[in-house]
There are 2 protein chains.
Amino acid sequence: MKHAADRQFVVGVDLGGTKILAAVFDSRNKLLAREKKTTRPELGANGVLDRTAECVNEALAAAAVSHPAVAGVGVGVPGIVDTHSGVVRVAPNLHWKNLPFGKGLSKRLHIPVAVVNDVEAGTMAVQQLGAGRRLRDFTCMFIGTGIGGGMVIRGEQYRGAGGMGGEIGHMVVMAHDGPKCGCGNHGCLEAVASRSAIVRRVVTAMEKGRKSVVRELCDGDAKRIRSRILAEAYREGDKLVREIIDDACDYIGIGTANLINILNPQAVILGGGLIEALGDRMLPRIRKSAWTHTIAASAERVNILDSGLGDDAGVLGAALAARAFAK
Amino acid sequence: MKHAADRQFVVGVDLGGTKILAAVFDSRNKLLAREKKTTRPELGANGVLDRTAECVNEALAAAAVSHPAVAGVGVGVPGIVDTHSGVVRVAPNLHWKNLPFGKGLSKRLHIPVAVVNDVEAGTMAVQQLGAGRRLRDFTCMFIGTGIGGGMVIRGEQYRGAGGMGGEIGHMVVMAHDGPKCGCGNHGCLEAVASRSAIVRRVVTAMEKGRKSVVRELCDGDAKRIRSRILAEAYREGDKLVREIIDDACDYIGIGTANLINILNPQAVILGGGLIEALGDRMLPRIRKSAWTHTIAASAERVNILDSGLGDDAGVLGAALAARAFAK
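Remember, predicted model here, so these are calculated numbers, not experimental data.

This part takes up unusual backbone geometry. Residue and element names in this part refer to chain A. One non-glycine residue, Asn-29, lies in positive phi territory at about 65°. As for its position among the elements, Asn-29 is in the loop between strand 2 (19-25) and strand 3 (31-38). What makes Asn-29 partly exposed here is its relative accessible area of 21%. A positive phi is found at His-95, a non-glycine position, where the angle reads about 60°. Residue position: His-95 is located in the loop between strand 6 (87-91) and strand 7 (96-99).

And the structure:
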């Protein structure tokens with residue numbers, strides 16, 4: 001065993017509807033190793049618990065860290081969680097209701113487990129180690145399968161009276177004739193500007209005969225279209241992808257402006273896979289749209305920034321939660 | 001003189017772009033008298049200062065309260081103000097920039113003057129004496145010429161890092177083909193659902209030949225169309241007015257849902273002249289639209305309420321600010 005059993009390590013897990021990411025961090029929050037696994041929610045809660053435990057064990061093995069050296073495991077879950085009891089109240093993508101996830105995972109790992117909301121975890125990472133480090137009031141927007149939001153108000157994270165705030169992906173921006181969203185409504189920001197919405201639009205256009213390098217980049221398998229492929233196509237100047245991503249940026253800018261008009265934060269901080277892969281091209285366009293739609297007085301002082309953490313915000317935030325919980 | 005000079009009274013002023021309202025309150029915040037005057041911003045800052053002082057004096061005379069018995073005058077201004085110095089930084093409707101309003105008014109009245117943002121004043125009234133009394137986290141929406149918003153977060157009013165938040169009227173809800181807003185953008189909530197937007201739509205439809213009782217109720221003078229006339233036409237079953245107000249309610253509901261999805265407050269509290277005059281008919285429709293557009297988990301627990309203060313929220317809040325400032 002390379003590391004002594006002084007419980008200086010933590011593991012952060014980002015549990016999504018599609019994949020499980022686990023990463024091991026040392027006492028200075030340096031990432032030592034990471035592992036990835038498909039989630040397979042169809043296996044049910046016990047199946048996903050088993051796969052999460054395996055993913056953590058594999059990451060620990062890759063980092064050559066023994067179980068007794070781990071202070072805690074933090075898991076970010078896309079849903080409403082009760083961090084105190086480790087119970088996942090509702091997680092629609094995983095089809096869970098009132099699942100004692102923390103208990104189930106710590107029984108498998110023999111390590112204390114902290115369960116947090118995934119966006120809350122990401123926001124914590126941005127606040128402690130990312131672009132929000134020196135800010136007292138900021139708003140995060142994480143763009144992925146959906147669009148999630150985190151708010152830091154007067155130096156503290158805020159999720160509303162019932163802990164269910166930050167659902168900025170379901171802000172209606174296109175009330176009249178917007179596309180249908182997974183939530184059942186029309187014109188939600190998520191339905192026009194999430195990575196999944198972008199992929200859906202690209203695939204539909206290709207099916208209708210539009211040309212795009214995406215077809216070759218994904219070897220004809222639409223399921224393979226992720227942020228990296230979209231970014232590559234964009235950088236190669238692919239007309240279809242540029243059209244659709246530019247359009248998404250305009251809407252992300254409108255969503256950003258709405259947040260600025262309502263909350264007037266010091267900064268809106270963007271994160272998630274697509275921003276990591278293509279932030280340098282997307283941010284200028286998002287800023288332009290946001291500033292156009294912001295009340296003049298507020299626009300001057302609000303920064304629109306990249307989180308600086310890329311796709312690691314989720315695992316890092318979960319690891320920070322594990323450390324806070326273990327104390 | 002009826003009342004002794006023990007400085008137990010305060011005056012609240014709601015200074016709008018169209019009218020000045022002043023009301024005198026006793027030590028238990030009971031309204032003793034109120035006066036109204038047109039603002040006439042075209043007279044310039046000194047002209048408006050004179051008219052504000054006159055309006056305060058008339059209200060004091062009506063209440064039979066002498067100047068020495070007044071602890072302070074609070075003025076709610078539609079703009080960005082520095083309450084500490086009494087300077088109005090920007091007030092677009094009044095065409096003011098960096099105006100030492102507090103100093104100008106207290107020189108005219110020989111009474112201490114507190115200057116606050118009008119929406120901030122209204123929210124303070126809702127928090128201390130209205131539907132927000134027992135709530136720790138709520139959001140206010142005041143519907144009038146524009147649509148303004150106030151947020152109370154963890155028991156304290158919040159206007160963002162730069163004090164310029166709460167501009168919920170400029171939340172874009174109709175990005176694609178929304179009507180033009182006074183701010184220059186398209187599809188702002190204010191451009192589709194404020195009282196002015198409603199009046200504009202009614203007038204345009206009548207000009208195009210649509211029939212409506214509004215024509216008689218305003219004696220053919222469109223400038224006379226205010227909340228009361230709209231409410232009367234609605235109650236009489238006027239088809240055009242019902243169509244337009246119902247449509248506005250749907251959009252107010254969408255704006256309310258956006259606030260709930262983002263902030264997850266205990267309640268969204270609606271105020272302003274139109275809600276006072278027609279809240280019993282508008283609120284059920286606003287609630288229906290809001291709940292349709294809210295993420296299920298949040299909708300259950302959030303109340304959508306009338307402020308309970310009618311059109312007095314503004315003067316009452318300004319009076320409360322005067323009292324706080326005088327201490």
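Residue and element names in this part refer to chain A. Between the first and last C-alpha of helix 5 (residues 195-207) there are 18 Å, a value that for 13 residues agrees with the 18 Å anticipated at 1.5 Å per step. Within helix 5, the full set of buried residues consists of Arg-195, Ser-196, Ala-197, Ile-198, Val-199, Val-202, Val-203, Ala-205 and Met-206. On its buried face, helix 5 is in contact with strand 9 (138-143), helix 4 (189-193), helix 6 (214-217), helix 7 (227-235), helix 8 (239-263) and helix 9 (273-292). Directly beyond the C-terminal end of helix 5, a positive phi value near 105° is found at Gly-209.

Attention now moves to the packing of aromatic side chains. Tallied over the entire structure, the rule returns two aromatic pairs over all chains. When the ring centre of Tyr-234 of chain A is taken as reference, the NZ or CZ atom of Arg-242 of chain A above it lies at 4.7 Å.

Quick look at the pattern of salt bridges now. Across all of its chains, the model carries 26 salt bridges over all chains by this definition. Across the pair Asp-312 of chain B and Arg-34 of chain B runs a salt bridge whose closest N-O atoms are separated by 2.5 Å. Of this pair, Asp-312 of chain B sits in the loop between strand 13 (303-306) and helix 11 (313-326) while Arg-34 of chain B sits in strand 3 (residues 31-38), and the two are 278 residues apart along the sequence. On the basis of relative accessible area, Asp-312 of chain B is assigned to the partly exposed category, the value being 22%. By relative accessible area, which is 46% here, Arg-34 of chain B ends up partly exposed. Among the ionic pairs, Arg-224 of chain B bridges to Asp-219 of chain B, the shortest N-O distance being 2.9 Å. Via salt bridges that share partners, Lys-37, Glu-54 and Glu-58 of chain A belong to a single interconnected network.

Turning next to the side chain of Thr-123 of chain B. Residue and element names in this part refer to chain B. Its place among the elements puts Thr-123 in helix 3 (residues 118-129). Residue classification places Thr-123 among the buried residues on the basis of a relative accessible area of 0%. Apart from residues no more than four positions distant in its own chain, Thr-123 is found in contact with Phe-138, Cys-140, Phe-142, Gly-150, Met-151, Val-152 and Gln-157.

Residue and element names in this part refer to chain A. In the structure, helix 9 departs most strongly from a straight axis at Gly-279, where the bend amounts to approximately 100°. Every buried residue belonging to helix 9 is among Gly-273, Leu-274, Ile-275, Ala-277, Leu-278, Gly-279, Met-282, Leu-283, Ile-286, Ser-289 and Ala-290, and all of these are buried. Contacts from the buried residues of helix 9 go to strand 9, helix 5, helix 7, helix 8, strand 12 (267-271) and strand 13 (303-306).

Turning our eyes to something else, we now look at the side chain of Thr-294 of chain B. Mapped onto the elements of the fold, Thr-294 of chain B is located in the loop between helix 9 (273-292) and helix 10 (296-299). Here the side chain of Thr-294 of chain B touches Ala-290 of chain B through a polar contact of 2.5 Å, landing on its backbone oxygen.

This brings us to the confidence of the model for chain A. Averaged over all residues, the pLDDT of chain A is 93; the fraction at 70 or higher stands at 97%. With a pTM of 0.93, the predicted complex shows an ipTM of 0.92.

Here we take up the interface of chain A and chain B. Note on interface size: it is often stated as the accessible area lost on association of the parts. On the chain B side, the residues contacting the 45 residues of chain A number 45 residues. Approximately 3700 Å² of surface area, both sides summed, lies buried where chain A meets chain B, with 58% of it carried by carbon and sulfur atoms. The largest contributions to the chain A side of the interface with chain B come from Arg-154, Met-164 and Ile-262 of chain A, which together make up 19% of the buried area. Our count for the contact surface shared by chain A and chain B stands at zero salt bridges. If you look at where chain A meets chain B, you find 30 residue pairs in polar contact (both at pLDDT 80 or more). Among the secondary structure elements, those contributing two or more residues to the side of chain A that touches chain B are strand 10 (147-153), strand 11 (156-158), helix 8 and helix 10 (296-299) of chain A. In terms of residues, the side of chain A that touches chain B owes the most to one element, helix 8 of chain A, which gives seven residues. Of the residues in the side of chain A that touches chain B, the class split is 21 nonpolar, 17 polar and seven charged.

This brings us to the sheet that holds strand 3 of chain B. All names here are of chain B. Ordered by their spatial adjacency, five strands build an open sheet running 3-2-1-4-8, and the pairing between neighbours is mixed. Lying at the two open borders of the sheet, with one neighbouring strand each, are strand 3 and strand 8 (113-117). Here the average twist between neighbouring strands, direction ignored, is 15°. In this structure, strand 1 (residues 9-15) lies alongside strand 4 (residues 70-77), joined through six bridges in parallel fashion. Across the sheet, the residue bridging to Asp-14 is Gly-76, located in strand 4. Here helix 1 (residues 44-63) sits on the sheet and contacts strand 1, strand 2 (19-25), strand 3 and strand 4; the angle it forms with strand 3, its principal contact strand, is near 150°.

Parameters and conventions
- Residues numbered from 1 in each chain as written.
- Chains lettered and ligands numbered in written order.
- Predicted model: local features only at pLDDT ≥ 70, side-chain atom pairs only at ≥ 80, totals over all residues.
- Heavy atoms only, no water.
- Helix = DSSP H or I, 4+ residues; strand = E, 2+ residues; numbered from the N terminus.
- Buried < 20%, exposed > 50% of the residue type's maximum accessible area, 1.4 Å probe, protein only.
- Expected span 1.5 Å × (residues − 1).
- Contact = heavy atoms within 4.5 Å.
- Phe/Tyr/Trp six-rings, centres within 6.5 Å; stacked < 30°, edge-to-face > 60°.
- Lys NZ or Arg CZ within 6 Å of the ring centre and 35° of its normal.
- Salt bridge = Lys/Arg side-chain N within 4 Å of Asp/Glu carboxyl O.
- Bend = angle between axes of the 7 residues up to and from the residue.
- Polar contact = N/O pair within 3.5 Å; in protein donor to acceptor, adjacent residues only side chain to side chain.
- pLDDT = per-residue confidence, 0-100.
- Buried area = accessible area lost by both parts, 1.4 Å probe.
- Nonpolar A, V, L, I, M, F, W, Y, C, P; charged D, E, K, R; others polar.
- Pairing = 2+ DSSP bridges.
- Axes fitted to C-alpha atoms, helices over the stretch in contact; angles between N-to-C directions.

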